[in-house]
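One-letter residues, chain by chain:
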Amino acid sequence: MVLAGMVVAGLVAGCSSGGEAPKTEGPSGKSTNGERTVEFNPCTELSDQALRAARIDPASKDVVTDAPTGPVSARVCQWNAVGGPYFVSVSSSVYTQDEARKNDKLTGFRDVQVGPRAGLIYQDKADEDKLRCYVSLPAAQGMFEVTVGWRYGEPMTRDRCELAIQHAKELEPHLPK
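Chemist: Where do I start with the side chain of Ser 93 in this structure?
Modeler: The topology assignment puts Ser 93 in strand β3 (residues 86-93). For Ser 93, the side chain forms a polar contact with the main-chain nitrogen of Tyr 95, separated by 2.9 Å. Residues within four places of Ser 93 in sequence aside, it is in contact with Val 38, Ser 73, Ala 74, Gln 141, Gly 142 and Met 143.

Structure representation (structure tokens):
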């Protein structure tokens, strides 16, 4: 399950400008020194109903990263898919699709329409077995990323990118613009 956070960590590390985290925040949770921060939290704001509609088991939630307070660049949770040996993670981040395209740790970029949004598909170069696939969706705060990760040791019977697109399409109406 740690695998889902690996690319997010790679994306965050690849896009982060470094430096110290801000020390203060305003009443909305936004940094008072201008640093971007995640507004939507998939760990708490994606409803069980939305997850079930996407054939994801809400009871299997695993928090990958969700800082309790202060400005944060990404929040990530993952769940087991119903009827498949894979997990689905949803991340909310301040990073944009343009920043993802510039990240040299990512590869295989393809455009895909996900509802009304221009989605972007990619994979992690370090994932030699191609166990994971990512679909990002633009958002006012940066982007959302829906990831499908196949479980190690399980026979691959479905295309991870097709599954990630399918889950992204099912979850997209439940994500803020």
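Chemist: In this structure, what is going on with the pattern of salt bridges? I would like to understand it.
Modeler: When the charged atoms of two side chains lie near each other, side chains of opposite charge can form a pair. A complete count under the given rule lists 8 salt bridges for this structure. Between Arg 52 and Asp 48 there is a salt bridge; the shortest N-O distance is 4.0 Å. Here Arg 52 and its partner Asp 48 are both found in helix α3 (residues 48-53), 4 residues apart, which amounts to about one turn of the helix. By relative accessible area, which is 53% here, Arg 52 ends up exposed. Taking relative accessible area as the criterion, Asp 48 reaches 40% and is therefore assigned partly exposed. Asp 66 is the salt-bridge partner of Arg 75, the closest N and O atoms lying 2.5 Å from each other. Connected through salt bridges with shared partners, the residues Arg 117, Glu 172 and Lys 177 form a single ionic network.

Conventions and cut-offs
- As a convention, each chain's residues are numbered from 1 in the sequence order in which they are written.
- With pLDDT at 70 or above as the cut-off, local features in this predicted model cover only qualifying residues; side-chain atom pairs require 80 or more to be listed or tallied, and sums for whole chains, interfaces and linings still use all residues.
- Note that the side-chain values use all heavy atoms of the structure and ignore hydrogens as well as water.
- Every helix listed is a DSSP run of H or I at least four residues long, and every strand listed is a run of E at least two residues long, numbered separately from the N terminus.
- In protein, a polar contact requires one atom able to donate a hydrogen and another able to accept it; more generally it is a pair of N or O atoms within 3.5 Å, and residues adjacent in sequence count only if both atoms are side-chain atoms.
- Note on definitions: a residue-residue contact is assigned when non-hydrogen atoms from the two residues lie within 4.5 Å.
- By definition here, a salt bridge exists when the distance from a side-chain nitrogen of Lys or Arg to a carboxyl oxygen of Asp or Glu is within 4 Å.
- The classification of residues rests on relative accessible area computed with a 1.4 Å probe and restricted to protein chains. Under 20% of the type maximum is buried, over 50% is exposed, and intermediate values are partly exposed.

Function cannot be read off these values alone, since they describe shape.
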